[in-house]
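Given next are the chains, with one letter for each unit.
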Amino acid sequence: MHEVRETLSLVEEVEALLSEDDGWLPQLANVASALFYRLPDVNWVGFYLLKGEELVLGPFQGKPACVRIALGKGVCGTAALRKEPVRVPNVHEFPGHIACDTASNSELVVPIMPRGEVVGVLDVDSPRFNRFGEEEERDLLAVVRVLETRVDWDRALKW
Ligand code: SME
């Protein structure tokens, strides 16, 4: 069984979790869990995967969330359309923000682009305003870079 190893950096822990080819679903499920339990002050961590013109809810930790998000909508759809991370210090001021958990006050979404094209996003929510700065964005981008190379995205997109 995988265990959370506090002595490892975040990226090292994710690399360790992905070292075996367990398949995309257990891989993403374990990474969502590792991030959720490791990052302080987060209330939702998970993945949305691209299906046609929509992002569809994937493995996550936190309260039940909306299942479909159109490209360009909400923070997730905006990050996927812009093909760049979107950091929102106060979600209540973000036009079109989709509220899944009323406890969320700030959010960071990083698009996953294994071959330059978006296959999904990593979404992290916090009850703390302004929770995500440059450092957090850099760390989660590094996590996403590992996911881009270690996950079989062709299979994940056929789900
Ligand atoms: N807040 C997101 C929706 C997903 S939930 O946060 C889990 C958005 O605006 O896209």
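Residues numbered from 1 in each chain as written. Predicted model: local features only at pLDDT ≥ 70, side-chain atom pairs only at ≥ 80, totals over all residues. Heavy atoms only, no water.

S.K.: Which residues make up the overall build of the chain, and what values do they have?
M.R.: From N to C terminus, the chain includes 5 helices and 6 strands. Ordering the α and β elements of the chain from the N terminus gives α-α-β-β-β-α-β-β-β-α-α. Here the C-alpha coordinates of the chain stretch approximately 40 × 35 × 25 Å along the principal axes. Expressed as a percentage of the 159 residues in the chain, the buried residues total 47%. Sequence separation of at least 24 residues holds for 53% of the intrachain contacts in the chain that already meet a minimum separation of 6. Carbon together with sulfur atoms contributes 50% to the accessible area of the chain, which is approximately 8,100 Å² in total. For the chain, the distance from the average site of its 17 positive side-chain charges to the average site of its 26 negative ones is 4 Å. (Helix = DSSP H or I, 4+ residues; strand = E, 2+ residues; numbered from the N terminus. Buried < 20%, exposed > 50% of the residue type's maximum accessible area, 1.4 Å probe, protein only. Contact = heavy atoms within 4.5 Å. Areas by Shrake-Rupley, 256 points an atom, 1.4 Å probe, with all protein chains shown as cover. Lys, Arg positive; Asp, Glu negative; His and termini not counted. Charge placed at Lys NZ, Arg CZ, Asp CG, Glu CD.)

S.K.: Residues and numbers for the environment of Gly 74, please.
M.R.: Looking at the element boundaries, Gly 74 is found in helix α3 (residues 74-82). Remark: the alpha-carbon pair of Gly 74 and Ala 103, spanning 29 residues in sequence, is separated by 16 Å. Beyond its immediate chain neighbours, meaning those up to four positions away, Gly 74 contacts Phe 94, Gly 96, His 97 and Ile 98.

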